[in-house]
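Okay, here's what each chain looks like letter by letter:
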Amino acid sequence: MKKLKVLTTLSVFLFASLAFAPQASATPDGCGDLDNGQLCIRKVDGKWVTSYFRHSGDGSIKVRLGWQEKFSNGYVDSAQYDSPLLSVAAGKDVKYGRKPVKQSDSCIRGNMKHNSDEYVTKWVCP
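The following paragraphs examine the structure supplied in this document. Since we're looking at a predicted model, the values are computed, not measured. (Residues numbered from 1 in each chain as written. Predicted model: local features only at pLDDT ≥ 70, side-chain atom pairs only at ≥ 80, totals over all residues. Heavy atoms only, no water.)

1. With respect to the sheet that holds strand 2 (residues 37-44)
Read across the sheet, four strands follow the order 1-2-3-6 without closing on themselves; strand pairing throughout is antiparallel. At either margin of the open sheet sits one strand with a lone partner, and together these are strand 1 (31-34) and strand 6 (93-98). Taking the axes of each pair of neighbouring strands and ignoring which way they run, one obtains an average angle of 15° across the sheet. Relative to strand 6, strand 3 (residues 47-54) runs antiparallel, the two being bridged by six bridges. Within the sheet, the bridge partner assigned to Val-49 lies in strand 6 and is Gly-97. (Pairing = 2+ DSSP bridges. Helix = DSSP H or I, 4+ residues; strand = E, 2+ residues; numbered from the N terminus. Axes fitted to C-alpha atoms, helices over the stretch in contact; angles between N-to-C directions.)

2. Section: unusual backbone geometry
Positioned with a positive phi, Asp-45 is a non-glycine residue whose angle comes to about 50°. Judged by relative accessible area, Asp-45 falls into the exposed class, the value being 78%. In the Ramachandran plot, Asn-115 falls in the positive-phi region, its phi being about 55° despite a non-glycine side chain. Within the element layout of this structure, Asn-115 appears in the loop between strand 7 (107-114) and strand 8 (117-120). The exposure class assigned to Asn-115 is exposed, which follows from its relative accessible area of 63%. (Buried < 20%, exposed > 50% of the residue type's maximum accessible area, 1.4 Å probe, protein only.)

3. A look at the pairing of strand 2
Consecutive side chains of a regular strand alternate in pointing toward one face of the sheet and then the other. In this sheet, strand 2 lies alongside strand 1 in antiparallel orientation, the contact comprising four bridges. By the bridge assignment, Leu-34 is partnered in strand 2 with Gly-37. If you look at the hairpin formed by strand 1 and strand 2, you'll find two residues sitting between the two strands. Both strand 2 and strand 3 contribute to a ladder of eight bridges, which runs antiparallel. By the bridge assignment for strand 3, Gly-37 is matched with Arg-54. Taking the residues between adjacent antiparallel strands as the criterion, strand 2 and strand 3 are bridged by two residues, where Asp-45 takes a positive phi near 50°.

Structure representation (structure tokens):
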């Protein structure tokens, strides 16, 4: 009987914990979750800054950071990788700022290139 009461109490606690657990927060505008990190673009002090935080992994990897623009007519400009080759280790981040030409009716997103793989953030629009 005591065992059943303990199991019932644990079951109720577990159900309540799951039912009232906060939802995972959404990725902020201008960010994109990758398998092993987060890639973002944000406006900081008048500059657009692309950043990549690497969650884990051995050693360091080399990446290039850039940006891309999408216009109101639907045209998407090619990605511009304007950073030097940056080295990033697990638990660290790299950032690169620039003042790209961004028209008032366009959107912008961050880009990252690692070897031949390319990654993008969500679009940031006015």
